[in-house]
Amino acid sequence: MLNNLGLKLISVVLAVVVWFLVVMINNPKDSVTFSGINVNLINTELLDKENKIYEIKDNSNKVRVTVEAPKNVIDQLRASDIVAEADVSRLTEVNTIAINCSVLNSAVQISSVTSTPDLLSLSVEDKAKKWVSVECRTVGEVAEGYMVDSIKSDQTRMEVGGPESVVDQIDHAGLEMDVSGATENVSGNVDIRFYNKDGVRIDDSRIDKNADSMNVEARVLAVKEVPIELNYTGVPAEGYLATGQVVCEPSTVRIAGTASALADISKISIAERELDITDESSNVVKDINIKRYLDSGVSLADKEFSGKVTATVGIEARAERTLMISESNISVRNLPEGFESSLAGGQGASFRLRISGLSAVVSAIDQNTVQGTVDVGEWMRGRNLTDLDAGIYEIPINFAFEEDITIENTVYASVNIVWQGQDEDQNHNGAEGD
């Protein structure tokens, strides 16, 4: 093995050189594969003329292209040299198109150019257009004590287009404005989204629209709850009384406006003329629209509330009752100096007093606790008397009730007035009073 080692090494080198020269002279075929080659669609205007729209299926517009050519050509090829096209005019009934591949430099010798896959798949359907409503809504919560009064956008309708199967699903365009923590109006551009009738969002990647966003403004107002104040006018029919109860349903309402507009509002007062009980003999019930009593710039916070409240004024028949007032419950006062008095009715005597008023008030009176007063001084002034002689006088008894009670009759007490002064000879034996 070691004999003539130099000659042997030279032989190997010569063999390699001869092989290389043979290869260069013969230039054998070779192949190369390029991945991710994009397939260009041509003549797509043919679909537009037929009012069709397409979508590439299964990512079939990305192919692997294999080129066979002499080795010296293969060594110079790059992916940018490869062209892959699909001609829409050759669309089959199953919506596939054969992919044609070529090399940009037509001067080079190419044995074959093939792609995998060799067909481009399309989803083809009719184009559709329609107008849909634009609906705005808020997300998030405004600050406590505030509410969103209204929200509006630049447009209330917009036109959309695209594949019929997608357009048919669209029920409306939706705009969402974030109002979290807001205490004043909020505005800005909001992305447009599309929803079906169930409120499920639709993928808009294939939808043609005239705008991607719209300007939206949300009006934010302060909120306050205030009571409704009611009063009435007039007098019921004869024999009837107003109970004094005025009931309003609801009794309070929530109003909205700017903070400054609500600052001085503590109640909503309804005019008395709204509740006229003149000559009425039963409860007066009336619906009143309180919107008429709201200040400018103030509105009802509850949009579903019509503003009508129901006011009721209680009216009932006058109740009458006769009380028997014991003589022990009657006292005499304001006697002239030197006189004393006693009631002449006798032990166990009583006085019949007729009263009237609201049933609940009249029935609640305990006749044993009713006190009466005979005011001699007042009686004398009523008759312009400055002096008084001893005798028996019929003097009216005054009764006072805490509740609204009407006394129907005048009750008189027989008062025996005697002189108890030092001058016994003075004549104080006056005649009986009226």
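Scroll up to find the structure.
No experiment lies behind these values; they were computed from the predicted model shown.

Rules used in this analysis
- Residue numbers run consecutively from 1 along every chain, following the written order of its sequence.
- This being a predicted model, a pLDDT of at least 70 is required before a residue's local features are given, and a value of 80 or more before pairs of side-chain atoms are given or counted; all residues contribute to the totals for chains, interfaces and linings.
- With hydrogens and water excluded, all non-hydrogen atoms of the structure serve as input to the side-chain values.
- To qualify as a helix, a DSSP run of H or I must reach at least 4 residues; to qualify as a strand, a run of E must reach at least 2; elements of each kind are numbered from the N terminus.
- Only C-alpha atoms enter the radius of gyration; for comparison, a globular chain is expected to reach 2.2 Å times N to the power 0.38, where N is the number of residues.
- The buried label goes to any residue with under 20% of its type's maximum accessible area, the exposed label to any with over 50%, and the partly exposed label to all in between, with areas taken from a 1.4 Å probe on protein chains only.
- A 1.4 Å probe and the Shrake-Rupley method give the accessible areas. Residues count as covered only by the protein chains that appear here.
- His residues and chain termini do not enter the charge count, which takes Lys and Arg as positive and Asp and Glu as negative.
- The atom standing in for a charge is NZ when the residue is Lys, CZ when it is Arg, CG when it is Asp and CD when it is Glu.
- Among the buried residues, those of types Ala, Val, Leu, Ile, Met, Phe, Trp, Tyr and Cys that are joined through side-chain atoms within 4.5 Å form a nonpolar core.
- Contacts: residue pairs with any heavy atoms within 4.5 Å of one another.
- A pair of aromatic rings is counted whenever rings of Phe, Tyr or Trp (Trp by its six-membered ring) have centres within 6.5 Å, and the orientation is called stacked for planes under 30 degrees apart, edge-to-face for over 60 and tilted otherwise.
- Two strands form a pair only when DSSP identifies at least two bridges running between them.
- Note on method: axes are straight lines fitted to C-alpha atoms, helices fitted across the in-contact stretch only, with angles between N-to-C directions ranging 0 to 180 degrees.
- Whenever a carboxyl oxygen of Asp or Glu lies within 4 Å of a side-chain nitrogen of Lys or Arg, that contact is scored as a salt bridge.
- Note on patches: the residues involved have over 30% relative accessible area and no salt bridge, like charges join within 9 Å, and the nonpolar side chains Val, Leu, Ile, Met, Phe, Trp and Tyr join within 5 Å.

**Q** Could you give an account of the overall build of the chain, with specific residues and numbers?
**A** Secondary structure assignment for the chain yields seven helices and 30 strands. Taking 434 residues into account, the globule formula puts the C-alpha radius of gyration at 22 Å, and the chain, at 54 Å, lies well above it. Within the chain, buried positions represent 33% of all 434 residues. Carbon and sulfur atoms form 44% of the exposed surface of the chain, whose accessible area is close to 26,300 Å². Positive and negative side-chain charges in the chain, numbering 38 and 68 respectively, have mean positions lying 16 Å apart.

**Q** A description of the nonpolar core should follow, citing residues and the corresponding values.
**A** Formed by 28 residues in total, the largest nonpolar core has its most connected members in Ile330, Val374, Ile397 and Phe399. Sorting the residues of this core by element identifies strand E22 (319–326), strand E24 (339–343), strand E25 (350–357), helix H6 (359–363), helix H7 (376–382), strand E27 (391–396) and strand E30 (412–419) as the ones contributing at least two each. Not counting chain neighbours up to four residues away, the residues in contact with Val374 comprise Ile330, Ser331, Val332, Arg333, Ile395, Pro396, Ile397, Ala413 and Val415.

**Q** I'd like to hear about the packing of aromatic side chains, residue by residue, with values.
**A** Here the distance between the centres and the angle between the planes together describe a pair of aromatic rings. Applying the stated criterion across every chain, the model contains two aromatic pairs. Summarising the aromatic geometry, the rings of Phe339 and Trp419 are spaced 4.9 Å apart at their centres and angled 70° between planes, so their arrangement reads as edge-to-face. Here the residue Phe339 occupies a position in strand E24, and Trp419 occupies one in strand E30, the gap between them amounting to 80 residues. When its relative accessible area of 11% is taken as the criterion, Phe339 is described as buried. Among the residues examined, Trp419 registers a relative accessible area of 23% and is labelled partly exposed.

**Q** Quick one: what's the story with the sheet that holds strand E21 (residues 308–317), residue by residue and with numbers?
**A** Spatial strand order, E16-E21-E19: three strands in an open sheet with antiparallel pairing. On the outer flanks of this sheet lie strand E16 (240–249) and strand E19 (284–289), each paired with one strand and no other. Across the sheet, the axes of successive neighbouring strands diverge by a mean angle of 20°, strand direction being ignored.

**Q** Give a description of the pattern of salt bridges that names residues and reports values.
**A** All told, the structure shown has 14 salt bridges when counted by the stated rule. The closest approach of N and O atoms between Glu176 and Arg193, which form a salt bridge, is 3.8 Å. With Glu176 in strand E10 (residues 172–178) and Arg193 in strand E12 (residues 193–195), the pair connects residues that are 17 residues apart, well separated along the chain. Note on Glu176: relative accessible area 25%, which makes it partly exposed. Several salt bridges converge on common partners, so that one network encompasses Arg137, Glu176 and Arg193.

**Q** Any chance you could break down the sheet that holds E25 for me, citing the residues and the numbers?
**A** To summarise the sheet geometry, strands pair through backbone hydrogen bonds and adopt either a parallel or an antiparallel arrangement. A sheet is described by the order of its strands in space; here three strands give the open sequence E22-E25-E29, paired in antiparallel fashion. The open sheet is flanked by E22 and strand E29 (405–407), the only strands paired with a single partner. Neighbour to neighbour, the strand axes of the sheet diverge by 35° on average, direction disregarded.

**Q** Give me the lowdown on the side chain of Asn61, citing residues and values where you can.
**A** As for its placement among the helices and strands, Asn61 is situated in the loop between strand E2 (52–56) and strand E3 (62–70). With a relative accessible area of 14%, Asn61 lands in the buried category. Ignoring anything within four residues of it in the chain, the contact list for Asn61 reads Ile37, Asn38, Val39, Ile56 and Leu120.

**Q** Can you tell me about a nonpolar patch on the surface, naming the residues and giving the values?
**A** A cluster of nonpolar residues, Leu7, Ile10 and Leu14, forms a patch on the protein surface that exposes about 310 Å² of accessible area. Checked against the element boundaries, Leu7 lands in helix H1 (residues 5–26). Accessibility expressed as a relative area gives 57% for Leu7, which makes it exposed.

**Q** Could you give an account of the environment of Gly307, with specific residues and numbers?
**A** You can see Gly307 is positioned in the loop between strand E20 (299–300) and E21. The exposure class of Gly307 is buried, given its relative accessible area of 0%. Spatially, the C-alpha atom of Gly307 lies 47 Å from that of Arg206, the residues being 101 residues apart in sequence. Not counting chain neighbours up to four residues away, the residues in contact with Gly307 comprise Ile288, Asn289, Ile290, Lys291 and Leu300.

**Q** So, the environment of Ser80: which residues are in play, and what are the values?
**A** Along the chain, the position of Ser80 falls in the loop between helix H3 (71–74) and strand E4 (82–87). For Ser80, a relative accessible area of 59% gives the class exposed. As for Ser80 and Ile37, which are separated by 43 residues in sequence, their C-alpha atoms are 8.7 Å apart.

Shape descriptors only; they carry no functional weight alone.
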